[in-house]
Number of protein chains: 2
Amino acid sequence: MEENKRTEISTLGEFGLIERLTAEMPLVNESSCKGVGDDAAVLHYGEKETLVTTDLLLEGVHFDLTYVPLAHLGYKAAVVNFSDIYAMNGTPKQITVSLGVSKRFSVEDMEQLYAGIRMACANYNVDIVGGDTTSSMTGLTISITCIGEADKEKIVYRNGAQENDLVCVSGDLGAAYMGLQLLEREKVAFAGQTDFTPEFGGKEYLLERQLKPEARRDIVASLAQAGIVPTAMMDISDGLSSELLHICKQSNVGCRVYEERIPIDYQTAIMAEELNMNLVTAALNGGEDYELLFTVPLSMHDAVSAIPGVKVIGHMTAPSLGSYLIARDGSEIQLRAQGWNPLSE
Amino acid sequence: MEENKRTEISTLGEFGLIERLTAEMPLVNESSCKGVGDDAAVLHYGEKETLVTTDLLLEGVHFDLTYVPLAHLGYKAAVVNFSDIYAMNGTPKQITVSLGVSKRFSVEDMEQLYAGIRMACANYNVDIVGGDTTSSMTGLTISITCIGEADKEKIVYRNGAQENDLVCVSGDLGAAYMGLQLLEREKVAFAGQTDFTPEFGGKEYLLERQLKPEARRDIVASLAQAGIVPTAMMDISDGLSSELLHICKQSNVGCRVYEERIPIDYQTAIMAEELNMNLVTAALNGGEDYELLFTVPLSMHDAVSAIPGVKVIGHMTAPSLGSYLIARDGSEIQLRAQGWNPLSE
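First, a word on what this report is: a plain description of the structure on this page. (Residues numbered from 1 in each chain as written. Chains lettered and ligands numbered in written order. Predicted model: local features only at pLDDT ≥ 70, side-chain atom pairs only at ≥ 80, totals over all residues. Heavy atoms only, no water.)

**Here's the deal with the side chain of K93 of chain B**
Phase 1 of the analysis: For K93 of chain B, the location among the structural elements is in strand β4 (residues 91-101).
Phase 2 of the analysis: Nearest to the buried, unbridged K93 of chain B among oppositely charged side chains is E149 of chain B, at 4.3 Å.
Phase 3 of the analysis: If we skip the residues at most four places from it in the chain, K93 of chain B touches N29, S31, S32 and Y45 of chain A together with N125, V126, D127, I147, G148 and E149 of chain B. (Helix = DSSP H or I, 4+ residues; strand = E, 2+ residues; numbered from the N terminus. Buried < 20%, exposed > 50% of the residue type's maximum accessible area, 1.4 Å probe, protein only. Lys, Arg positive; Asp, Glu negative; His and termini not counted. Salt bridge = Lys/Arg side-chain N within 4 Å of Asp/Glu carboxyl O. Contact = heavy atoms within 4.5 Å.)

Here is the structure:
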């Protein structure tokens, strides 16, 4: 019977499910400019456009409280939303915070979580304007919605990349993922032991990237100062490969990015070596970097290269040429969205 | 040790926890007009004000899928957010929908849930503009944020009630709670049986109020048409007692409401009788009515009484007189916030 058809969600993955659920959903309100499909929705409520983004974090899926302090979790939960607003070339202004809390947690625990959220808000000049707090049967649930603003003509979507545009990334990639591997390794080593000292020496950068990421408003500011409005932009939360494919798909272009140009910190490289993991895979698919991936016209090569912390890693091509990584040996490896995607696990 | 202090969240309850977490949190952005403490936040992004509200629903806490169809759940999850926007005298315009989904659920299940959300959006002219979808370890999590708009001078907060204002409610109270009792009763009766036909005859109204509530935009429209801007307003989600106390506290007034004037449907009364429950307690503390509770100046008595579906149930007093229900026998019963509050259970 048709009614009893059961399709496993894992067969579609997160993006497939969203596409399926939100298909043929025309916007009816004048104030709705852009709906599902970018880092944030774009609403028209005034001279400036209003941006809205939201993130749902579930204990056991997105975070493990055996090694993540609650204050760090709060900070990160807020910052990842700010990152989505910056990725539209906007400025975050308000958040709402919804919490589902099991009896395992005390008021003091929630105060620590909130201390982290508040610190993030203070650092980024964002107001907490509302939320919902309720009990939960199992663990901690955090849902944050962020509202921001942007000049209409300066909003950067994922769909504006053109053939021959340069592909740029900020900072370095793969460190947050390696930080997670490190924490997981020490968790296993620690299991059942008392008086255990985790081996984090010389790897502080990896931990910081995993536990206390920052949104790249400095890069957004540098781009504005240089008079550069990217043709497409998004933040790297699921891994470079996955995000590049989003931009290629939505902009209807292909791309070539060069392995030798992908920025990787030396601590990331050392950790990959220790764990016997492929470094480039970690940088391409690791996720949670919260760096910016953006494209600019070829004519801006010198201007964009002059910005500290920005690296040109490749260029856009005709869509028929597909999306490939050029390895150090010159071979072409097709990019796949193997990113951090809990729904397809 | 101070650091190890553990205060159970149940000792504070939902509102106490929110107050504690959001204490001393000044708003820094010009566009943040009103933060935590009303049905929705108020933001200034244009000529009209922007309203934002959010709700987090967790399986096992807020809904039981043994008797709630997913489409109904989706409809309700959206409508309760619209209700918060109407309760500010605004109009809902956009929502974001975040879902946490365990492997128990199929794509078809999520399509049913979304069909309900979409139907609610279609009925209320609201756009779905974004969201987040992720896997969950246990059950279903739904987090919806709603954005709406309102004329600045027409926004109604909870803090504007004055002494001698009339207390009004729309529709009738307690039916959604009785619908829940009915569903729970049949669930217990059904347990372990096959081929069981639940006894819902003559109680369709209670089920509808529980499973498919509507937001009272008709009342908001009627008030506007009659030229009435309430002095205070909120929607009744946690029960009349709890909401009245919110308005009294925030407006610094007391109140007297009259048992004989509280609107109750006959099906609610019959069900209370069947279950041997106190009818007035159900109407005062039942929750999930999503009716509007508002106050108007005494001079508007005739105008507000003429609106179909609105009933004057009492009046505001000096704060020193406290908040009381006048029973049919003339005795005064102090109102208590015994409402539906999962955090204090």
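**What to know about the sheet that holds strand β6 (residues 141-150) of chain A**
All names here are of chain A.
Phase 1 of the analysis: An order of β1-β2-β3-β6-β4-β5 is seen for the 6 strands of this open sheet, with the pairing classed as mixed. This sheet does not close on itself; its edge strands, each paired only once, are β1 (32-34) and β5 (127-135). Between one strand and the next, the sheet's axes are offset by a mean angle of 20°, whatever the strand orientation. (Pairing = 2+ DSSP bridges. Axes fitted to C-alpha atoms, helices over the stretch in contact; angles between N-to-C directions.)

**Describing the relation of the copies chain B and chain A**
Phase 1 of the analysis: Its rotation angle being 180°, the transformation that places chain B on chain A also includes 0.0 Å of axial translation and leaves an RMSD of 0.0 Å. Given the turn and translation reported, the copies of this chain are related as if by a two-fold rotation axis. In terms of proximity to the rotation axis, the leading residue of chain B is G46 of chain B, whose C-alpha is 1.7 Å off the axis.
Phase 2 of the analysis: When you check the interface residues of chain B against chain A, 100% turn up at the interface there too, and the contact is symmetric in its surfaces. (Least-squares fit on C-alpha atoms with pLDDT ≥ 70 in both.)

**A word on the packing of helix α2 (residues 70-86) of chain A against helix α3 (residues 107-124) of chain A**
Residue and element names in this part refer to chain A.
Phase 1 of the analysis: Following both chains from N to C, one finds α2 and α3 inclined at 35°, their axes separated by 6 Å at the closest point. For α2 against α3, the interelement crossing comes out right-handed. Across from L70, A71, L73, G74, Y75, A78, V79, F82 and Y86 in α2, the residues of α3 making contact are D109, Q112, L113, G116, I117, M119, A120, C121, N123 and Y124.
Phase 2 of the analysis: Of the residues in the contact of α2 with α3, the class split is 14 nonpolar, 4 polar and 1 charged. (Left-handed = near helix turned anticlockwise from the far one by under 90°. Nonpolar A, V, L, I, M, F, W, Y, C, P; charged D, E, K, R; others polar.)

**Quick look at the sheet that holds strand β6 (residues 141-150) of chain B**
Residue and element names in this part refer to chain B.
Phase 1 of the analysis: Strand order in this open sheet of 6 strands is β1-β2-β3-β6-β4-β5, and the pairing throughout is mixed. The open sheet is flanked by β1 (32-34) and β5 (127-135), the only strands paired with a single partner. Averaged over neighbouring strand pairs, the angle between their axes works out to 20° when direction is ignored.
Phase 2 of the analysis: For β4 and β5, the ladder comprises 8 bridges, and the chain directions are parallel. Counterpart to G100 in the pairing with β5 is T134.
Phase 3 of the analysis: Its contacts with the sheet put helix α2 (residues 70-86) on β3 (49-58), β4 and β6, and the angle it makes with β3 is roughly 145°.

**Points about the packing of aromatic side chains**
Phase 1 of the analysis: In total, this model carries 4 aromatic pairs over all chains according to the counting rule given.
Phase 2 of the analysis: Seen in terms of ring centroids, F82 of chain A and Y124 of chain A are 5.3 Å apart; in terms of plane orientation they differ by 50°. Their pairing is tilted. On the criterion of sequence distance, the pair formed by F82 of chain A in helix α2 and Y124 of chain A in helix α3 is long-range, its members being 42 residues apart. By the burial criterion, F82 of chain A is buried, and Y124 of chain A matches it.
Phase 3 of the analysis: Centre to centre, the rings of Y86 of chain B and Y124 of chain B are 6.2 Å apart; their planes meet at 50°, and the pair counts as tilted. One end of the pair, Y86 of chain B, is in helix α2; the other, Y124 of chain B, is in helix α3 (residues 107-124), with 38 residues separating them in the sequence. Of the two residues, Y86 of chain B and Y124 of chain B, neither departs from the other in class, the shared state being buried.
Phase 4 of the analysis: Members of the aromatic cluster, joined through ring pairs, are F82, Y86 and Y124 of chain A.
Phase 5 of the analysis: The ring of Y75 of chain B carries the charged tip of K212 of chain B above its face, separated from the ring centre by 4.4 Å. (Phe/Tyr/Trp six-rings, centres within 6.5 Å; stacked < 30°, edge-to-face > 60°. Lys NZ or Arg CZ within 6 Å of the ring centre and 35° of its normal.)

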